[in-house]
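# Chain and residue survey
Each chain is listed here by its residues.
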Amino acid sequence: MIYSPSLMCANFDNIKAETFALEAAGANRLHLDVMDGRYVPNFAMGLGDVKSVCRNTSLVTELHLMIMEPCRYIKIFADAGVDIIYFHPDSDSDPMQVIQKIRKEGCTPGLVINPETTVESLKEYYEHVDNILLMGVKPGNAGHIYLPYVEEKIGQIIELKNKYNLEIIMDGACTVERMKRWGKQGVDGFVLGTSSLFGHRGTYKQIIKSIKQECGE
């Protein structure tokens with residue numbers, strides 16, 4: 001199972017130390033949220049933060065772009081050292097061009113499926129990407145309320161996984177109980193935020209170890 005802590009929820013007083021601590025704690029990846037205040041009404045990590053994390057970890061880094069016109073910024077984030085780039089198809093007038101640009105810059109492309117987006121509406125893109133990020137909350141803030149109707153999509157998503165050899169990651173309100181349930185259904189991994197890791201009692205290592213044990217690892 002993939003466990004990818006969201007650095008947006010970490011202590012920004014020392015992002016380098018947080019990066020080291022999360023890697024040492026047993027995280028498989030690091031999740032980097034970038035927001036521009038336009039696609040979502042919030043701001044999150046900047047280019048300097050992303051560079052710092054990538055420079056100080058050996059883990060796979062996955063970038064979640066919540067920005068308008070992402071194609072304009074793929075190269076600068078690829079040059080920063082990220083490995084996987086997720087984007088929202090409705091944030092750009094030509095999603096296929098974004099996918100092609102991500103591959104051209106040597107990164108792995110991924111689509112984000114928002115809670116209100118139907119799985120069917122993005123069918124033309126699945127064969128061209130490797131990863132899917134399925135949102136369990138409205139994107140834009142840590143701690144957003146969980147939207148249970150997204151679970152109706154999980155069966156459809158698993159069918160896509162098997163058909164197109166996709167990796168499926170859930171993001172948003174990933175509690176241990178939900179991770180256990182979704183993992184059994186075939187979801188490959190989870191973004192760890194305030195619902196399971198940050199702000200909870202114990203060290204990162206203790207909490208991640210507990211999550212893995214609860215999920216049968």
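Below: a short report on this structure. From a predicted model like this one, the values you see are computed outputs, not experimental measurements. (Residues numbered from 1 in each chain as written. Predicted model: local features only at pLDDT ≥ 70, side-chain atom pairs only at ≥ 80, totals over all residues. Heavy atoms only, no water.)

### Some words on the state of the cysteines
Counted only if it meets this: The term disulfide is used for any two cysteine sulfur atoms that are within 2.5 Å.
The tally for this structure, following the rule as stated, stands at 0 disulfides. Cys-174 supplies the cysteine sulfur nearest to Cys-9, a cysteine that is in no disulfide, at a spacing of 11 Å.

### A short note on the packing of aromatic side chains
How we decide: In this analysis, rings of Phe, Tyr and Trp, with Trp reduced to its six-membered ring, are considered paired at centre separations within 6.5 Å, and the interplanar angle assigns stacked below 30 degrees, edge-to-face beyond 60, and tilted for intermediate values. For the purposes of this entry, the term helix denotes a DSSP run of H or I that reaches at least four residues, the term strand denotes a run of E that reaches at least two, and both are numbered from the N terminus. Buried, partly exposed and exposed residues are distinguished by accessible area as a fraction of the type maximum, computed with a 1.4 Å probe on protein chains only: under 20%, between the cut-offs, and over 50%, respectively.
Across all of its chains, the model carries 4 aromatic pairs by this definition. Seen in terms of ring centroids, Tyr-126 and Tyr-164 are 6.3 Å apart; in terms of plane orientation they differ by 40°. Their pairing is tilted. Pair noted here: Tyr-126 is in the loop between strand S5 (108-113) and strand S6 (131-135) and Tyr-164 is in helix H5 (residues 154-164), with a separation of 38 residues, a long-range link. Here Tyr-164 falls in the partly exposed class, since its relative accessible area comes to 25%. Plain terms: the ring middles of Trp-182 and Phe-190 are 6.3 Å apart, the flat faces sit at 25° to each other, and that makes the pair stacked.

### Some words on the sheet that holds strand S4 (residues 84-87)
Put simply, the rule reads: The rule for pairing is simple: two strands pair if DSSP sees at least two bridges between them. Here, axes are lines fitted to C-alpha atoms. For helices the fit covers the stretch in contact, and angles between N-to-C directions go from 0 to 180 degrees. Every residue pair with non-hydrogen atoms within 4.5 Å of one another is taken to be in contact.
Taken in spatial order, the 8 strands make up an open sheet running S1-S8-S7-S6-S5-S4-S3-S2, and their pairing is parallel. In the strand order of this sheet, the two ends are held by strand S1 (2-5) and strand S2 (29-35), each with one partner. Across this sheet, the average inter-strand angle for adjacent strands is 25°, counted without regard to direction. In the sheet, S5 pairs with S6 via 4 bridges, with the strands oriented parallel. By the bridge assignment, Gly-110 is partnered in S6 with Asn-131. Here helix H4 (residues 95-104) sits on the sheet in contact with S4 and S5, set at roughly 170° to S4.

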